[in-house]
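An overview of the molecular structure
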Amino acid sequence: MMKKLVVMGLAMAMTAAMVNGVCAQPVQAADGEGLKVALLLSGAANDQGWNQTAYEGAQKACEKYGYELAYTENLEVADISAAFADYASAGYDVVIGHGYEFGDPALEVAETYPDTKFICTEADASADNVASYVMACEQTAYVEGIIAASTSESGKLGAIGPIPGDSLVKIINGYEDGAKSVNPDIEVQTAWTNSFVDTQLAQEAAKAMIDNGVDVIKHCANACGNGAMTAAVEAGIWCQGDSYDQSSLAPDNILDSAIYNLDVVIDTALGSVADGSFEGDVYNLGMADGAVEVLLSDNLSDDVKATAQDAIDKIISGELEVERDYTMRQ
């Protein structure tokens, strides 16, 4: 549903983009003035997952720095470059692309708009006016693998991702590594839906895994992954949330949620703009920085909670280093 466009100063280029899902809203500025920031999302801003955590994080950071915020949701990959260009040509000072798929389009558009700063999450893109912030999501996935392997009775786990990319592959691999640190013989079945938003695809993939003996399912598939959690609830097996506290989706079945604190990430990025220290580079943030964490459910036994917390503490201290592996294993 289209929200009323209320951000001041949008150029005519943004009017055309509205048809494709542009939503804009003012954030109450601390001083009533500030830079204009735009956020680009691959899914809905209220998806209770990957996109919502970025939207809420951007809101919080813009409120802190007195910046004006607009956003576009449900962007297809083919439309990302145009969305970047629309905001830059409309005079936005900073444009944020949330996800690895925004990296290459940001580099492409940045050359044409050298006075605009482009920020990407989970990308490997950098230029004079392009900075990327990569979260150590493999750390949360590793802990989730420990939890899953410690809980499973069948010795079979399921992991469902959306479109394969480095930021998703590292999660699936981290999950498997964590699980095998508990049980080297555990079986991790994986599936890729090739969609960020089609919940039915994830639900079908999860059902196939359940039929094959899986009794814990982890997803990192954005809104699409909510379908996997639905399948887990219907089958009465355990599931694990991603990006956001997803306990409300499966209160009796959820073991944990991997939390990506985009308020920390975006605050760090916009803070560099605010204090003039912005530099195009790739920055890494993990558990020790407060960028990622694991929310443990009350459904966990005390023993599994203690095991998971021990791993978390060791990751934060640096005693336990989780490998970031971008290799497709299956």
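Remarks on the overall build of the protein
- Within the protein, the regular secondary structure consists of ten helices and 13 strands.
- Taken over 330 residues, the protein has a buried fraction of 55%.

Looking at the pattern of salt bridges
- With the rule as written, the count across this model stands at 13 salt bridges.
- Residue lysine 218 is joined to glutamate 144 by a salt bridge in which the shortest nitrogen-to-oxygen separation is 2.7 Å. A residue pair is termed long-range when its members are at least 10 positions apart, and lysine 218 in strand β9 (residues 216-219) and glutamate 144 in helix α5 (residues 137-151) qualify at 74 residues.
- The exposure class of lysine 218 is buried, given its relative accessible area of 1%.
- In this structure, the salt-bridge partner of arginine 329 is aspartate 325, at a minimum N-O distance of 2.9 Å.
- Arginine 329 sits in the partly exposed class, given a relative accessible area of 34%.
- Since its relative accessible area comes to 12%, aspartate 325 is described here as buried.
- Among the charged side chains, a salt-bridge network with shared partners connects Glu176, Asp177, Lys180, Asp325 and Arg329.

Describing the packing of aromatic side chains
- The final tally for this structure, using the stated rule, is seven aromatic pairs.
- Residues phenylalanine 84 and phenylalanine 118 carry aromatic rings whose centres are separated by 5.5 Å and whose planes lie at 75 degrees to one another, so their mutual orientation is edge-to-face. Of this pair, phenylalanine 84 sits in helix α3 (residues 80-89) while phenylalanine 118 sits in strand β5 (residues 117-121), and the two are 34 residues apart along the sequence.
- Relative accessible area serves as the criterion here: at 0%, phenylalanine 84 is assigned to the buried category.
- In this structure phenylalanine 118 comes out as buried when scored by relative accessible area, which is 0%.
- Among the aromatic residues, ring-to-ring pairing joins Phe84, Phe102 and Phe118 into one connected group.
- For lysine 36, the ring lying beneath its charged end belongs to tyrosine 92, and the centroid distance is 4.6 Å.

What to know about the nonpolar core
- Counting residues in each nonpolar core, the largest one holds 60 residues, and the members touching the most others are Val143, Tyr260 and Leu270.
- It is α5 that contributes the most residues to this core, eight residues altogether.
- For valine 143, the contacting residues outside a window of four places in its chain are Met287, Val294, Ala308, Ala311, Ile312 and Ile315.

With respect to the environment of glutamate 101
- Of note, glutamate 101 is situated in the loop between β4 (94-98) and α4 (103-110).
- With 21 residues separating them along the chain, glutamate 101 and isoleucine 80 place their C-alpha atoms 8.6 Å apart.
- Sequence-distant contacts of glutamate 101, defined by excluding residues within four places in its chain, comprise Ser42, Val77, Ile80 and Phe196.

Description of the sheet that holds strand β7 (residues 156-161)
- One open sheet accounts for six strands, arranged β8-β7-β9-β10-β11-β13; its pairing is mixed. Only two strands of the sheet have a single neighbouring strand rather than two, namely β8 (187-192) and β13 (292-296). Within this sheet the neighbouring strands show an average axis-to-axis angle of 15 degrees, counted without direction.
- Here three bridges tie β9 to strand β10 (residues 238-243), and the two strands are oriented parallel to one another. From the neighbouring strand, valine 216 faces β10, where its bridge partner is tryptophan 238.

Examining the pairing of strand β11 (residues 254-260)
- Counting buried positions over the seven residues of β11 gives seven, a clear majority of the element.
- Here β10 pairs with β11 via five bridges, running parallel. The residue bridging cysteine 239 from the neighbouring strand is isoleucine 254, located in β11.
- Note that β11 and β13 share five bridges and pair antiparallel. Within the sheet, the bridge partner assigned to serine 257 lies in β13 and is leucine 295.

Overview of α4
- Considered for burial, the residues of α4 that qualify are Gly103, Pro105, Ala106, Val109 and Ala110. With its buried residues spanning 165 degrees around the axis, α4 presents them on a single face. Among the exposed residues of α4, those oriented more than 90 degrees off its buried face are Asp104 and Glu108.

Here we look at the side chain of serine 132
- Here serine 132 shows up in strand β6 (residues 130-135).
- Within the local environment of serine 132, its side chain forms a polar contact with the backbone oxygen of alanine 125, the two atoms lying 2.6 Å apart.
- The residues contacting serine 132, other than those within four sequence positions of it, are Cys120, Ala123, Asp124, Ala125, Asp281, Val282 and Tyr283.

Thresholds, definitions, all that
Residues numbered from 1 in each chain as written. Predicted model: local features only at pLDDT ≥ 70, side-chain atom pairs only at ≥ 80, totals over all residues. Heavy atoms only, no water. Helix = DSSP H or I, 4+ residues; strand = E, 2+ residues; numbered from the N terminus. Buried < 20%, exposed > 50% of the residue type's maximum accessible area, 1.4 Å probe, protein only. Salt bridge = Lys/Arg side-chain N within 4 Å of Asp/Glu carboxyl O. Phe/Tyr/Trp six-rings, centres within 6.5 Å; stacked < 30°, edge-to-face > 60°. Lys NZ or Arg CZ within 6 Å of the ring centre and 35° of its normal. Core = buried A, V, L, I, M, F, W, Y, C linked by side-chain atoms within 4.5 Å. Contact = heavy atoms within 4.5 Å. Pairing = 2+ DSSP bridges. Axes fitted to C-alpha atoms, helices over the stretch in contact; angles between N-to-C directions. Arc of directions from axis to C-beta. Polar contact = N/O pair within 3.5 Å; in protein donor to acceptor, adjacent residues only side chain to side chain.

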